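Topology and contacts: notes
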Amino acid sequence: MRRQYPFHLIEPKWQGYWNSQETFRAFNPGEQPAEDHPFAIRHKNKEPEELEKYYILDMFPYPSGAGLHVGHPEGYTATDMLARYQRMKGKHVLHPMGWDAFGLPAEQYAIKTGQHPRQTTEENVTNFKRQIKSLGFSYDWSREVNTTEPGYFKWSQWIFLQLYNSWFNPVTNKAEPVDTMEFPDEIVSDEAKREYLDERRLAYVSNAPVNWCPELGTVLANEEVVDGKSEVGGHPVVRKPMRQWMLRITAFAQRLLDDLETIDWSDSLKEMQRNWIGRSEGAGVLFRVDGVDEEIEVFTTRPDTLFGATYMVLSPEHELVDALTSKDQLSAVIEYRDAASRKSDLERTELAKEKTGVFTGAYAVNPVNQEKVPIWIADYVLSTYGTGAIMAVPAHDERDLEFAQKFDLPVRVVVQAPEGEQSLGYTGAGESIESGFLNGLGTSEAKKRIVDWLEEKRKGKRTINFKLRDWLFSRQRYWGEPFPIIWRHGRHEALQESELPLLPPELDDYKPTVEGEPPLARAVDWVNLADGATRETNTMPQWAGSCWYYLRYLDAQNDEYFADKEAEKYWMNVDLYVGGAEHAVLHLLYARFWHKVMYDLGHVSTSEPFQKLVNQGIILGEDGQKMSKSRGNVVNPDVVLAEYGADAFRLYEMFMGPLEMMKPWSTQGVEGVYRFLGRVWRLYIDEGSYKDYEQAVTTDPGQAELMLSDLKLHSAVNDSEPTAEQLKILHAAIKKVTDDLDGMRFNTAISALMVFVNEASKWESRPRSVLSVFLELLNPFAPHLAEDLAARMSERPGNTLAYQPWPKYEESYLVEEAVEFPVQVNGKLRGHITITPDTSKEEIENLALKCEKIQKFISKKELKKIIVVPNRLVNIAVK
RNA sequence: GCCGAGAUGGUGGAAUUGGUAGACACGUCGGACUUAAAAUCCGAUUGCCUUUAAAAGCAGUGCGGGUUCGAGUCCCGCUCUCGGUACCA
């Protein structure tokens with residue numbers, strides 16, 4: 001196919017120019033651009049830090065071996081258009097890119113081939129960078145980060161130490177350094193103090209059961225387990241007690257929930273975070289055990305149904321099970337508990353449709369009516385939520401009802417459902433019945449009364465529970481940050497800050513040891529220190545690096561601190577963050593948590609990292625299916641770029657539809673925008689000279705670049721005064737593109753550019769002043785072509801559009817002299833009248849009534865009223 | 001099940017606060033240019049119906065109701081699709 005315009009020469013040329021001129025550098029407080037830098041020329045009388053900043057961030061990619069697919073650049077294109085737009089609007093733009101380069105695939109490749117993950121990672125980064133650069137994004141590459149570089153992960157380790165050396169003070173509701181901790185009077189010995197402190201650190205060691213994935217050979221965080229399978233790869237996960245590092249994210253649950261109100265994220269995304277945090281209000285209620293000197297606390301959100309509690313269920317792992325179980329039930333209980341512990345997560349959730357459980361032989365006493373209720377154990381009660389024990393109210397809880405029916409346990413209705421609904425199995429709010437002093441109360445009032453009563457009798461209290469669990473932070477991997485921790489006499493100790501970064505050892509074999517120890521344990525010399533201490537052999541999860549990378553961009557080369565304080569204060573927080581919805585809970589929750597800790601400790605100045613967040617939609621294959629290698633519908637950007645160029649690619653990515661929407665790729669769609677760029681080219685460039693050029697290039701391809709400068713401007717381009725019509729078309733485009741960019745409606749902004757070109761192509765005289773402004777509008781979208789044409793139009797070539805002031809529209813140019821004004825009868829369009837902007841309301845009514853086409857719809861009918869909507873239409877209502 | 005988002009021509013989509021439904025683009029059809037093709041340019045393109053034609057009419061934004069002078073947009077009740085989540089007491 002004939003090339004629409006020489007993008008293959010224009011694009012590398014301008015990418016090279018931007019690169020060599022450092023066009024897109026951002027300047028930290030105290031830094032100065034060179035005098036001839038376009039930034040300095042634009043902002044002559046101001047220091048960079050006096051300018052309004054705009055921090056626009058992409059979720060950095062994991063550089064996989066497969067290279068970029070068309071989904072990656074969707075978000076990057078959107079942010080690049082906005083970055084270029086904001087730069088032209090005069091903002092000081094920070095727009096960086098980097099690599100989330102620790103991770104499983106490089107390590108698995110290492111296990112197979114022995115190639116060091118570092119080498120694999122470097123190769124992949126090189127390829128990703130080449131691909132991203134070929135799209136002409138305006139990143140400040142001087143701030144590039146890579147999570148696997150010691151200069152970076154030094155600070156990931158440092159942040160871990162901040163967590164390790166902090167605790168959550170419930171009084172101040174903040175993270176504080178551990179030395180602010182006060183010990184209770186009974187904690188006296190150093191040993192006791194040490195233990196007390198270790199139990200309260202934000203980074204602590206736990207021996208609780210964890211999600212172990214045998215296939216991946218590592219543990220996983222709760223968030224990484226989906227339906228009992230690993231999120232990555234879909235391998236089975238089992239629960240297994242192991243010594244692991246945990247981060248105390250639960251302490252921040254309320255703040256993570258509350259501060260969602262302060263940020264500009266989509267409702268659906270906030271809702272996902274809320275659901276994950278899972279706050280629920282209710283009561284803890286104490287049940288005495290009959291004949292045993294023990295009490296069991298249950299958590300319930302429906303204390304108003306306490307009179308309907310007919311049995312109690314403990315999770316199989318509950319600590320009191322042994323103490324309660326009667327002799328004759330002992331074997332059944334042990335058997336059930338063993339069976340439950342052997343079940344994988346998958347079996348306990350997905351596959352376990354039928355409820356199971358056994359009676360312990362013990363009875364609890366309902367505090368409200370002294371009734372004895374049987375105590376069962378069943379695995380539908382989770383040990384990890386609430387107290388691991390429930391009071392069962394089968395009449396008003398689906399799960400309890402199912403269980404009660406299966407095991408023939410009593411059911412007592414205590415809530416009267418509203419008219420038309422059955423009370424048995426009713427879980428909504430209603431009127432309390434058969435409930436002593438609660439009778440006749442509505443659910444919310446009954447809740448209040450019963451909790452007051454429980455608190456007074458010291459049999460319970462108001463309680464808030466969260467679904468969120470602490471974050472399991474260690475992995476049994478090689479290719480991750482080693483913990484800056486050593487073990488001495490069974491106790492953990494932090495390395496000194498001066499000992500960072502702690503580098504991973506070199507290994508020949510990246511597999512776990514035969515004893516099942518993590519791969520780092522193979523490095524005997526590294527693990528065993530001279531004084532008998534040993535290093536922690538777990539590594540941090542991939543999230544560690546991605547939790548804070550947006551901070552490192554602020555000052556990527558700093559050796560003294562993760563980022564200069566002034567720079568942090570100036571740039572934070574992120575004004576716009578764009579990325580995939582798959583990180584809605586994992587990355588975004590973890591990053592918010594770390595940021596809050598850093599905020600409390602005084603290292604950052606904002607309580608939230610990402611002010612506005614937008615999720616881009618998924619791009620489907622041409623067949624409307626999800627892109628995948630197995631379907632063979634993956635679109636490779638390299639191929640698209642070779643045929644249509646980066647500008648067409650960028651334009652198409654945004655022209656497809658709204659950013660947040662899922663939408664299918666279409667090669668014909670790319671051709672459409674490519675043709676549009678060709679029309680732009682021909683609007684400016686003399687076709688004869690381009691044909692000559694093409695001919696000359698076929699005979700002497702080596703001279704192509706040189707001959708490019710011989711191209712002539714189109715003969716219609718001149719210095720004439722623009723007509724009113726031309727100004728109207730230009731300013732309508734300015735208005736629409738400006739509004740749409742502000743609202744991130746890229747697709748309609750591009751359509752406005754197309755409308756302009758369609759009009760302008762008809763002009764026999766194309767005023768230079770109008771055509772120059774159009775290139776400014778085009779620049780954020782198709783920067784290579786815009787720069788090139790602007791250089792041809794300008795008397796001072798070599799000047800970039802990047803810092804050109806964004807054009808302003810003039811409302812007065814948009815006013816039409818005479819317009820066709822629609823006339824409706826009873827809401828149906830029946831005709832038009834011609835009016836001018838100063839036609840009065842009365843005149844419009846008159847004209848409408850007199851209009852010939854209208855007459856036949858209103859004559860012989862009774863006129864009810866006439867509605868004139870200014871600038872819109874007139875509607876005549878008749879009967 | 002629950003929570004969230006959505007459904008508009010042959011296709012992707014537009015209509016920003018209730019005000020001319022289908023912008024822009026793809027595809028298709030027709031024409032110009034060409035020996036021919038490609039490329040480019042011009043025109044048509046929601047359906048139905050009447051007409052030689054011009055020109056009109058009717059229906060129409062997943063389905064059924066409602067509010068309004070006027071509904072793709074607001075309200076009530078459904079259907080389907082997508083995303084999240086699931087014994088969380």
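Everything discussed here concerns the structure shown above.
Below: a short report on this structure. All of these numbers come straight from a predicted model, not from anything done at the bench.

This next bit is on the overall build of chain A. Across its full length, chain A holds 31 helices and 36 strands. Reported as C-alpha extents along the three principal axes, the dimensions of chain A are approximately 100 × 90 × 55 Å. Considering only intrachain contacts with a sequence separation of at least 6, the fraction spanning at least 24 residues in chain A is 70%. Side-chain charges in chain A split into 101 positive and 133 negative, and the spacing between the mean points of these groups amounts to 5 Å.

What follows is about the packing of helix α27 (residues 768-778) against helix α28 (residues 783-793). Contact geometry for α27 and α28: axes closest at 9 Å, N-to-C directions at 155°. On the basis of the axis angle, α27 is roughly antiparallel to α28. The hand of the α27/α28 crossing is left-handed. From α27, R768, L771, S772, L775 and L778 reach across to α28, where they touch L785, A786, L789, A790 and M793. Its residues placed into classes, the contact of α27 with α28 shows eight nonpolar, one polar and one charged.

Listed in full, the buried residues belonging to helix α4 (residues 104-113) are L104, A106, E107 and A110. The buried side chains of α4 occupy one side of the element, clustering within an arc of 165° when seen end-on. Where α4 ends, the next residue or the one after it, G114, has phi of about 85°, a positive value.

To continue, consider the sheet that holds strand β2 (residues 92-94). A sheet is described by the order of its strands in space; here four strands give the open sequence β2-β1-β27-β28, paired in parallel fashion. At either margin of the open sheet sits one strand with a lone partner, and together these are β2 and β28 (613-616). When the angles between neighbouring strand axes are averaged without regard to direction, this sheet yields 20°. As paired strands, strand β1 (residues 53-58) and β2 are joined by three bridges and run parallel to one another.

Close to RNA strand B lie 57 residues; T301, K355, Y385, R399 and N875 are nearest. Protein-adjacent atoms of RNA strand B, using a 4 Å cutoff, are sugar or phosphate at a proportion of 63%. R675 is positioned such that a nitrogen or oxygen atom in its side chain is 2.8 Å from a phosphate oxygen of RNA strand B. The separation between a base oxygen of RNA strand B and a polar side-chain atom of H832 is 3.4 Å. The element contributing the most residues to the surface near RNA strand B is helix α26 (residues 746-760), with six residues. Split into classes, the residues belonging to the surface near RNA strand B amount to 21 nonpolar, 17 polar and 19 charged.

Moving on, we get to the environment of L601. On the secondary structure map, L601 appears in the loop between α19 (586-600) and β28. Those residues in contact with L601 that lie beyond four places of it in its chain are Q162, S166, A175, E176 and P177.

Here we take up the side chain of H318. Examined against the element boundaries, H318 turns out to sit in the loop between β16 (311-314) and α10 (321-324). If we skip the residues at most four places from it in the chain, H318 touches I296, T387, G388 and A389.

The subject of this paragraph is the nonpolar core. Counting residues in each nonpolar core, the largest one holds 178 residues, and the members touching the most others are F160, W471, W594 and W665. With residues up to four places along the chain from it excluded, the contact list for W471 reads A221, W245, M246, L247, I249, W543, C547, Y590, F593 and W594. A283, V381, Y426 and W453 belong to the second-largest nonpolar core, a separate cluster that totals 49 residues.

Here the focus is the pairing of strand β17 (residues 358-365). Among the eight residues that make up β17, six are buried, leaving the element largely enclosed by the rest of the structure. The pairing of strand β14 (residues 279-289) with β17 spans two bridges and is antiparallel. Within the sheet, the bridge partner assigned to R288 lies in β17 and is V365. Pairing of β17 with strand β18 (residues 372-377), which is carried by five bridges, proceeds in the antiparallel orientation. Counterpart to V358 in the pairing with β18 is I377. Between β17 and β18, which pair antiparallel and follow one another directly, the connecting turn spans six residues, one of which, Q370, has a positive phi of 60°.

A word on unusual backbone geometry. In this model, L500 is joined to P501 through a cis peptide bond whose omega is -5°. Looking at the secondary structure, you find P501 in the loop between β25 (491-494) and α15 (524-527). Following M572, the chain continues into N573 via a peptide bond in cis, with omega recorded as 0°. Among the structural elements, N573 can be located in the loop between α18 (565-571) and β27 (576-580). Notably, D408 is not glycine yet its phi reads approximately 60°, a positive angle. Residue class for D408 comes out exposed when judged on its relative accessible area of 70%. One non-glycine residue, N826, lies in positive phi territory at about 50°. With respect to the helices, strands and loops of the structure, N826 is situated in the loop between β33 (819-825) and β34 (828-835). For N826, a relative accessible area of 47% translates into the label partly exposed.

On to α19, then. With 15 residues, α19 ought to run about 21 Å at 1.5 Å a step, and its terminal C-alpha atoms sit 22 Å apart, in line with that. Extensive coverage of α19 is indicated by the burial of 14 of its 15 residues. Positive phi appears at G602, one or two residues downstream of α19, with a value of about 85°.

Turning to the sheet that holds strand β24 (residues 485-488), a few remarks are in order. The sheet built from three strands is open, its strands ordered β25-β24-β26 with antiparallel pairing. Taken across any chain shown, the strands that pair with only one partner, and hence form the sheet edges, are β25 and β26 (534-535). When β24 meets β26, the two strands line up antiparallel, connected through two bridges. Residue pairing for β26: W487 is matched across the bridge by T534.

This paragraph deals with the pattern of salt bridges. In this structure the tally under the stated criterion is 49 salt bridges. For the salt bridge of R84 with D80, the shortest nitrogen-to-oxygen distance reads 2.9 Å. Of this pair, R84 and D80 both sit in helix α3 (residues 72-88), four residues apart, which is roughly one turn of the helix. Here R84 and D80 have matching classes, each one buried. Salt-bridge contacts for D322 lead to R337; the nearest nitrogen and oxygen are separated by 3.2 Å. Of this pair, D322 sits in helix α10 while R337 sits in helix α11 (residues 330-342), and the two are 15 residues apart along the sequence. According to the relative accessible area criterion, D322 is exposed, its value standing at 54%. Each of D259, R592, K596 and E608 takes part in one network of salt bridges that share partners.

Another aspect to go through is the environment of C213. Mapped onto the fold, C213 is located in strand β8 (residues 209-213). Judged by relative accessible area, which is 0%, C213 ranks as buried. Distance in space between the C-alpha atoms of C213 and V225 is 9.4 Å, their sequence separation being twelve residues. When residues no more than four places from it in sequence are discounted, the contact partners of C213 are T218, L220, S230, H235, P236 and V237.

What counts, and at which threshold
Residues numbered from 1 in each chain as written. Chains lettered and ligands numbered in written order. Predicted model: local features only at pLDDT ≥ 70, side-chain atom pairs only at ≥ 80, totals over all residues. Heavy atoms only, no water. Helix = DSSP H or I, 4+ residues; strand = E, 2+ residues; numbered from the N terminus. Contact = heavy atoms within 4.5 Å. Lys, Arg positive; Asp, Glu negative; His and termini not counted. Charge placed at Lys NZ, Arg CZ, Asp CG, Glu CD. Axes fitted to C-alpha atoms, helices over the stretch in contact; angles between N-to-C directions. Parallel < 35°, antiparallel > 145°, perpendicular 65-115°, else oblique. Left-handed = near helix turned anticlockwise from the far one by under 90°. Nonpolar A, V, L, I, M, F, W, Y, C, P; charged D, E, K, R; others polar. Buried < 20%, exposed > 50% of the residue type's maximum accessible area, 1.4 Å probe, protein only. Arc of directions from axis to C-beta. Pairing = 2+ DSSP bridges. Near = heavy atom within 4 Å. Polar contact = N/O pair within 3.5 Å; in protein donor to acceptor, adjacent residues only side chain to side chain. Core = buried A, V, L, I, M, F, W, Y, C linked by side-chain atoms within 4.5 Å. Expected span 1.5 Å × (residues − 1). Salt bridge = Lys/Arg side-chain N within 4 Å of Asp/Glu carboxyl O.

Geometric values such as these leave the question of function open.
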